[in-house]
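# Residue-level structural notes
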Amino acid sequence: MSVESLSPPTAEPGGAAAPARITMLLVPLMLVLFISNLDQTIVATALPSIGRDLGDLSGTSWVATGYLLTSAITTLIFGKLGDMYGRKRIFQIAIVLFLVGSGLCGAARDLTWLILFRAFQGIGGGGLNSLVMAVIGDVVPPRQRSKYQASVGIVATLALIAGPLLGGLFSETLSWRWIFYINLPIGVLALVIVALRLRLPRPAAGARGRIDVAGGLLAAVFTSAVMLFTTWGGSRYAWGSAPVLTLVVVSVLSLAGYLLVERRAAEPITPLHLFRSGVFVIAAAQFLLATLVLFVAMLYVPLFLQTVQHRSAFTAGLFVIPLLVGLVAATAVAGPFISRTGRYKVYPVIGAVLTAAGMYMVSLAGQHTAAWQLVVPLAVAGAGLGFFVQVALLAGQNAVEHRHLGVATGALNFFKSIGGAFGAALFGAILTTGLAHVPPGATAGHVHAFHTVFRWTLPFMALSFVLALVMREKPLSDEMKDVVDGKIEVPEY
């Protein structure tokens, strides 16, 4: 562990930190937190504009998938790099990579390059996600962190909600390219303030460890191969075709290699001992499934509204707000009850039912469905997903020893990001297949294709329901009660 994790540089002699100095240091961190969270949702309402401009609507879901996939991998790596080489230096590198990727995305002239540049941007984005909270932990003394937690949560929530709105606004008034260019002035400002004002001790010589490069590469190969297999099989290529069979072989070999490397690595990305706990395995699966359905709703409801109901991109973005508000509200409500009672198993059971009911109602929408008939089901689905997100993270953390909390949190968030990537890619393939033989302007065919997309979320929620029933409820430890109350912050490693 580095000396950065010891007493924060803002502490005054009496142990208190100067609020003005903390605020000054938190400004660039909040800016970075805003743009990193913004980029997870800002493409949701811009995909139709991107597809029309670049002449390829069928592959636009990979604009979201590419970012989520690489950020999932690098989130696990950058935290370790920060421990080894100093968080400030690695944080600056992550910001630069993110900004370069943003500029390249805005300048892309065809969809293939845009997807590749989004993947590059995700490398930096993953670093931002893992390092912002760690740097805040360095800057703010432990006794004062709880009062800053609300600000952090508000910034992250505003970014998620603002994403679809800004994506629609830029697509209509300027250009979809501004969904990426907007990162540049904000990121440059944050980079300058970090360089001039942020002072963190360098890690001690003994803090140097090893980076599990092989594990990271094999994880990227495995997830990419599985994702391409599930999206190309039966649509772009026949199930028995050479490309699909090759992907199967690559998936199997890379998974075997990954398990072998992680078993022998001195400091593995995802320690396999975590998966000896059935509760942790179920929590990881629930996190993946919940995020999968969340991204289906965030990406394909706005697309449905623009394609079938011919609403503007900005208006379509408004419909994402009840989904995210429902999610945030359910998380906020569940936390105090879980802390007070120590019981949490019932929430994912309720969450599965609410999410499935909400998405089924969404799947009934047609060309002339009233706005409230979509807003209410989306809020219900969001509330259900909020129960999942709260409990999946909590149950997974509670299933491991306290000393492994950071590692477990990183692994769980990896599954969360992979769930979003799978949701974007897999359901994009389902939609493309459904629209393959629909003539332009055939509204009924488009409606049916979107109905298929939304109803395919129901089997995933049925699986989540079964997992919630069979999950053993392990009593909350005292440390985990403090985590739920926001008294303890769990860094990712």
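Conventions adopted
Residues numbered from 1 in each chain as written. Predicted model: local features only at pLDDT ≥ 70, side-chain atom pairs only at ≥ 80, totals over all residues. Heavy atoms only, no water. Helix = DSSP H or I, 4+ residues; strand = E, 2+ residues; numbered from the N terminus. Phe/Tyr/Trp six-rings, centres within 6.5 Å; stacked < 30°, edge-to-face > 60°. Buried < 20%, exposed > 50% of the residue type's maximum accessible area, 1.4 Å probe, protein only. Salt bridge = Lys/Arg side-chain N within 4 Å of Asp/Glu carboxyl O. Expected span 1.5 Å × (residues − 1). Arc of directions from axis to C-beta. Contact = heavy atoms within 4.5 Å. Patch = residues over 30% accessible without salt bridge, like charges linked within 9 Å, V, L, I, M, F, W, Y side chains within 5 Å. Areas by Shrake-Rupley, 256 points an atom, 1.4 Å probe, with all protein chains shown as cover. Core = buried A, V, L, I, M, F, W, Y, C linked by side-chain atoms within 4.5 Å. Axes fitted to C-alpha atoms, helices over the stretch in contact; angles between N-to-C directions. Left-handed = near helix turned anticlockwise from the far one by under 90°. Nonpolar A, V, L, I, M, F, W, Y, C, P; charged D, E, K, R; others polar.

## As for unusual backbone geometry
- Located in the positive-phi region is His310, a residue other than glycine, with phi close to 55°.
- Considering the arrangement of structural elements, one finds His310 in the loop between helix H11 (278-307) and helix H12 (313-318).

## Section: the packing of aromatic side chains
- Applying the stated criterion to the full structure yields eleven aromatic pairs.
- Where Phe414 meets Phe415, the ring centres are 5.8 Å apart and the plane angle is 80°; that geometry is what we call edge-to-face.
- For Phe414, a relative accessible area of 10% translates into the label buried.
- With a centroid separation of 5.9 Å and an interplanar angle of 55°, the aromatic rings of Phe427 and Phe460 are classed as tilted. Separated by 33 residues along the polypeptide, Phe427 in helix H16 (residues 405-435) and Phe460 in helix H18 (residues 457-470) bring together distant segments of the chain.
- Accessibility expressed as a relative area gives 0% for Phe427, which makes it buried.
- Through a chain of ring-to-ring contacts, three or more aromatic side chains come together here, namely Phe275, Phe280, Phe414 and Phe415.

## What about the pattern of salt bridges?
- Under the criterion given, the structure shown has two salt bridges.
- The salt bridge involving Asp39 is made with Arg118; its shortest N-O contact spans 3.2 Å. In this pair, Asp39 sits in helix H1 (residues 19-41) while Arg118 sits in helix H5 (residues 111-139), placing the two residues 79 residues apart along the sequence. Each member of the pair, Asp39 together with Arg118, is buried.
- The shortest N-O distance in the salt bridge between Arg177 and Asp53 comes to 3.6 Å. Taken together, the residues span a long stretch of sequence, with Arg177 in the loop between helix H6 (145-173) and helix H7 (178-181) and Asp53 in helix H2 (residues 47-54) at a distance of 124 residues.
- Taking the relative accessible area as the measure of exposure, Arg177 reaches 11% and is therefore buried.
- Taking the relative accessible area as the measure of exposure, Asp53 reaches 45% and is therefore partly exposed.

## Topic: helix H8 (residues 183-197)
- Under the 1.5 Å per step criterion, the end-to-end length of H8 is 21 Å for 15 residues, consistent within 8% with the ideal 21 Å.
- For H8, every residue scored as buried is listed here: Asn183, Ile186, Gly187, Ala190, Ile193 and Val194. Axial view of H8: buried residues confined to an arc of 130°, hence all on one face. Projecting away from the buried face of H8 at angles above 90 degrees are the exposed residues Pro185 and Leu196.

## Some remarks on helix H10 (residues 242-264)
- When the terminal C-alpha atoms of H10 are compared, their 33 Å separation across 23 residues agrees well with the 33 Å that a helix rising 1.5 Å per residue should span.
- For H10, the full list of buried residues reads Val244, Leu247, Ser251, Ser254, Gly257, Tyr258 and Glu262.
- Those residues of H10 that are buried are in contact with helix H9 (213-232).

## What about the side chain of Thr41?
- On the secondary structure map, Thr41 appears in helix H1.
- Those residues in contact with Thr41 that sit more than four places away from it in its chain are Ala159, Leu160, Gly163, Pro164 and Met298.

## Looking at a nonpolar patch on the surface
- Taken together, the side chains of Val96, Val100 and Leu104 make up a nonpolar region of the molecular surface, amounting to roughly 200 Å² of accessible area.
- Here Leu104 shows up in helix H4 (residues 87-107).
- On the basis of relative accessible area, Leu104 is assigned to the partly exposed category, the value being 33%.

## Notes on the nonpolar core
- Grouped together as the largest cluster of nonpolar side chains are 142 residues, with contacts concentrated most on Leu114 and Phe454.
- The dominant element in this core, judged by the number of residues it contributes, is H11, at 22 residues.
- Not counting chain neighbours up to four residues away, the residues in contact with Leu114 comprise Ile50, Leu54, Val63, Cys105, Ala108, Trp176 and Phe180.

## Some thoughts on the packing of helix H3 (residues 61-85) against H5
- Contact pair H3 / H5: the axes reach a minimum separation of 6 Å and the direction vectors enclose 35°. The chirality of how H3 crosses H5 is right-handed.
- Of the residues that constitute the contact of H3 with H5, the class distribution is eleven nonpolar, 14 polar and one charged.

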